[in-house]
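# Descriptive structure summary
Now for the letters of each chain:
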Amino acid sequence: MTEATTTSRLVDELASRFWEGYLEREPIYATLLGDERYDDRLPDPGPAGRAAQEAAYRDVLRTAQGIERDGLALEDEITLDMLTVVAHIGLAQLEHRLHELLAVDQLAGAQALPGDLARLQRADSPERFERLLARLAAYPAFLSACQDNMADAVASGLTAARSVVERTIEQTRRFVEAPADESPLMRALPLSEADRERLREALERHVRPAQARYLEALERYLPHARPADGLWSVPDGEAIYRTLVLASTTLEADPRELHEYGLAQIESIGEEREAVARKLGHADAAALRRALDADPANHATEPAAIVALAEAQIERAMAEAPRWFGRQPRATCQVRAVEPYQEQEAPPAFYYPPAMDGSRGGIYYVNTYQPADRPLHQLAARTFHEAIPGHHFQIAIESELEGLPPFRRLGSRLVGVAYPEGWGLYVERLADEMGLYETDHERLGMLDAQAWRAARLVIDTGIHAFGWDRQRSIELLVSIGLSPLEAETETDRYIAWPAQALSYMVGQRELNALRAEAAQRHGPAFDLRAFHDSVLGHGALPLATLRRELPAWLERGGA
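These remarks concern the structure in this document. (Residues numbered from 1 in each chain as written. Predicted model: local features only at pLDDT ≥ 70, side-chain atom pairs only at ≥ 80, totals over all residues. Heavy atoms only, no water.)

## Brief notes about helix α12 (residues 237–249)
For the record, the criterion: Only DSSP runs of H or I reaching four residues or more are called helices, and only runs of E reaching two or more are called strands; each is numbered from the N terminus. An expected span of 1.5 Å times one less than the residue number is assigned to each helix. Only protein chains enter the accessibility calculation, which uses a 1.4 Å probe. A residue is then buried if its area is under 20% of the maximum for its type, exposed if over 50%, and partly exposed in between.
Over its 13 residues, α12 runs 18 Å from end to end, which matches the ideal 18 Å to within 8%, given 1.5 Å per residue. Taken together, the buried positions of α12 are occupied by Gly-237, Ile-240, Tyr-241, Thr-243, Leu-244, Val-245, Ala-247, Ser-248 and Thr-249.

Quick look at the structure:
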């Protein structure tokens, strides 16, 4: 065995050890990926769970330090990069006690987990159904550990903002008060009457009492919620925010620079929107938007019409894709309407990746609830972002890359979301180059979406670094075209998930810069298909790794 082969094996063993441990520590994520080994378990949010995380991160850093990098194969070097980035960020998050800071969350909090299982977990065999029941039986202990984290947050001052706590209380109260038969699990799973009765009993015995106790804990927690919205107001808030910026973007980004960049983008995109409005005979973009809101042709009368439009957009994108991408996924992408039991809470559109075993392709969910309230001109940009050539191309291709360890193919989102969300935002603009927007109205929808992501840079940094209050964020979002209700919901998301909203435009900016540099370097020989294949050909990466490696890939003619 050569020295290079031995070193490669060491990298693979480290990646496999970390990934297998991660799936065991995060069994809900394993279920999302279609790995059913841990479908009877829940994560441990308590001290033992955190100790296991810390041990895994330190093992990564210790082992990686002992691996000689000279002569290391490219993919092995990328794997080590990713592992060390994950470990450094994970240790920083543990050091800052983010389990306390983020213990209350109206978006993906502990109170919503049983409903999430309705979409994630299969129960179509006796064995699978028993694993689901075991998971529900573990739910009270899981919520009890979350309540301990809330108590620690009160003691340390690392509490959630009041608006987040109030929304979480409202959501949890709905769960507690809803009859068991209205549970998403009861409504979603095709079960025999005998199994339905067993599930109903589990919900009444384990889930509802645990959520009721959790609701009481939230009400005790509420007086201790931080009155200010931003992290600047909590102990060591500036350092915590910078850690979260790093976790989201994989870059040591300066909040002030991001804030100023977002303001400049809002202005630039605003000029593009005004040009579209004038072209269509309107005084300004606001007038065009009002006309679209009032136009019956811009609103569906039936949910099926929204699904059909999304399917047509995907078909059009797939037909055009070979001119822009040499590499395309094998997995299909199906359009589905959001299930009725989820539609009031779900976003307008989102993507689910293919199953690991290939048994299911990607799924692009579109929300068809109250179709008359969903302007059709906004759908195209969402389709291209979430499905093709956006997240479906990026995630499905990543999962199909041969020769890479599962950590690279399935766990790359652990290095932040700036790469995947930046890709989604990049292809909203790329779709315009591809000629996928059929009307200027759809182009306005894309520009509105771009302005919204630019506002995220301004608002997230404004709230968490510069003392903005909730109302100032709402007013800015309304000024760029969101409805007051959308602006409130978005603002509460930024408050609850500090720095996550930065990832979209930070990732897009990096991809745009890399493309511009490559085009300048290669001149007329620049091959955009090779650029896209190189960006997608190694899975999601830390942005610094992508910047370091991409020029060499392009010199070789692409990935």
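Having seen the model, we can carry on.
## Describing the sheet that holds strand β1 (residues 333–337)
Heads up, the condition is: Two strands are said to pair when DSSP picks up at least two bridges between them. Interaxial angle, 0 to 180 degrees, is taken between N-to-C directions of lines fitted to C-alpha atoms, where a helix line uses only the stretch in contact. The contact criterion used throughout is that any non-hydrogen atoms of two residues lie within 4.5 Å.
Ordered by their spatial adjacency, three strands build an open sheet running β1-β3-β2, and the pairing between neighbours is mixed. Since the sheet does not close on itself, it has two edges, and those belong to β1 and β2 (349–352), each with one partner. For this sheet the average axis-to-axis angle between neighbouring strands, irrespective of direction, equals 25°. Sheet topology note: the β2/strand β3 (residues 362–366) ladder contains four bridges and is antiparallel. Within β3, the position partnered with Tyr-352 by the bridge is Ile-363. Packed on one face of the sheet, helix α15 (residues 303–320) meets β1 and β3 and runs near 165° to β1.

## So, the packing of helix α23 (residues 503–522) against helix α25 (residues 543–555)
A pair of packed helices is characterised by two quantities: the angle between their axes and the separation of those axes. For clarity, the cut-off: If an angle is under 35 degrees, it is roughly parallel; if it is over 145, roughly antiparallel; if it lies from 65 to 115, roughly perpendicular; otherwise it is oblique. For a crossing to be left-handed, the near helix must be turned anticlockwise from the far one by less than a right angle; the clockwise case is right-handed. Basically, the charged four are Asp, Glu, Lys and Arg, the nonpolar ten are Ala, Val, Leu, Ile, Met, Phe, Trp, Tyr, Cys and Pro, and anything else, Gly included, counts as polar.
Between α23 and α25, whose axes approach to 11 Å, the crossing angle comes to 25°. Looking at the two axes, α23 sits roughly parallel to α25. Relative to α25, the crossing made by α23 is right-handed. Across the interface between the two elements, Val-506, Gly-507, Glu-510, Leu-511, Ala-513, Leu-514, Glu-517, Ala-518, Arg-521 and His-522 of α23 pack against Leu-543, Leu-546, Arg-547, Leu-550, Pro-551, Leu-554 and Glu-555 of α25. Residue classes in the contact of α23 with α25 are distributed as ten nonpolar, two polar and five charged.

## Quick look at the packing of aromatic side chains
Under the convention used in this document: Between 30 and 60 degrees the pair is tilted, below 30 it is stacked and above 60 it is edge-to-face, where a pair is any two Phe, Tyr or Trp rings, Trp via its six-membered ring, whose centres lie within 6.5 Å. Charges are assigned to positions over rings by a cutoff of 6 Å between ring centre and Lys NZ or Arg CZ, combined with an angular limit of 35 degrees from the ring normal.
According to the stated counting rule, one finds 15 aromatic pairs in the structure shown. One aromatic cluster is present, built from ring pairs that chain together Phe-18, Trp-19, Tyr-22, Tyr-29, Tyr-57 and Phe-407. In this arrangement the basic side chain of Arg-119 is found over the ring face of Tyr-365, its NZ or CZ atom lying 5.5 Å from the centre. Lying over the aromatic face of Tyr-261, Arg-509 brings its terminal NZ or CZ to 4.4 Å of the ring centre.

## Brief notes about the pattern of salt bridges
Between side chains of opposite charge, a pair can form as their charged atoms come close. Condition: Here a salt bridge means any side-chain nitrogen of Lys or Arg lying within 4 Å of a carboxyl oxygen belonging to Asp or Glu.
Applying the stated criterion across every chain, the model contains 43 salt bridges. Among the salt bridges present, the one from Glu-428 reaches Arg-453, with a minimum N-O distance of 3.0 Å. Of this pair, Glu-428 sits in helix α19 (residues 418–433) while Arg-453 sits in helix α20 (residues 440–465), and the two are 25 residues apart along the sequence. When sorted by exposure, Glu-428 lands in the same class as Arg-453, which is buried.

## Observations regarding unusual backbone geometry
With omega at 5°, the peptide bond leading from Ile-388 into Pro-389 counts as cis. Within the element layout of this structure, Pro-389 appears in the loop between α16 (379–386) and α17 (391–400). Positioned with a positive phi, Arg-97 is a non-glycine residue whose angle comes to about 55°. Mapped onto the elements, Arg-97 comes out in the loop between α4 (74–95) and α5 (98–101). Even without a glycine there, the phi angle at Asp-236 is positive, about 60°.

## Here's the deal with the environment of His-96
You can see His-96 is positioned in the loop between α4 and α5. Between the alpha carbons of His-96 and Glu-36 there is a distance of 32 Å; along the sequence they are 60 residues apart. Discounting residues that sit within four places of it in the chain, His-96 has contacts with Leu-158, Asp-236, Ala-239, Ile-240 and Thr-243.

## So, the packing of α19 against α20
For the pair α19 and α20, interaxial distance at closest approach is 10 Å and the crossing angle is 155°. Our classification of the angle between α19 and α20 gives roughly antiparallel. Handedness of the α19/α20 crossing: left-handed. When α19 is examined against α20, the residues Leu-425, Glu-428, Arg-429 and Asp-432 are found in contact with a partner set consisting of Arg-443, Met-446, Leu-447, Ala-449, Gln-450 and Arg-453. Among the residues forming the contact of α19 with α20, the class breakdown is four nonpolar, one polar and five charged.

## What about the nonpolar core?
Using the following cut-off: Nine residue types can take part in a nonpolar core, namely buried Ala, Val, Leu, Ile, Met, Phe, Trp, Tyr and Cys, and a core is a set of them joined through side-chain atoms within 4.5 Å.
Grouped together as the largest cluster of nonpolar side chains are 174 residues, with contacts concentrated most on Phe-18, Leu-136, Leu-185, Leu-199, Tyr-364, Leu-477 and Phe-531. The element best represented in this core is α20, accounting for eleven residues. Those residues in contact with Leu-185 that sit more than four places away from it in its chain are Pro-114, Leu-117, Ala-118, Leu-132, Leu-136, Leu-199 and Leu-203.

## What to know about the side chain of Thr-159
Operational definition: In the analysis that follows, any N or O atom pair within 3.5 Å is treated as a polar contact, provided that within protein one partner can donate a hydrogen and the other can accept it, and provided that, for residues neighboring in sequence, both atoms belong to side chains.
With respect to the element layout, Thr-159 can be found in the loop between α8 (139–156) and α9 (162–177). At 3.0 Å, the side chain of Thr-159 and the backbone oxygen of His-224 are in polar contact. With near-sequence residues (within four places) excluded, Thr-159 lies in contact with Leu-101, Ala-153, Val-154, Tyr-221, His-224, Ala-225, Arg-226 and Val-234.

## A closer look at α20
Over its 26 residues, α20 runs 37 Å from end to end, which matches the ideal 38 Å to within 8%, given 1.5 Å per residue. Here α20 starts with a cap whose side-chain oxygen sits 3.3 Å from the backbone nitrogen of His-441, and that cap is Thr-439.

## Quick notes on the environment of Ala-337
In this structure, Ala-337 sits in strand β1. On the basis of relative accessible area, Ala-337 is assigned to the partly exposed category, the value being 32%. Here the alpha-carbon distance between Ala-337 and Leu-32, two residues 305 residues apart in the chain, equals 19 Å. Non-local contacts of Ala-337, meaning those with residues more than four positions away in its chain, are made with Val-307, Tyr-365, Val-366 and Thr-368.

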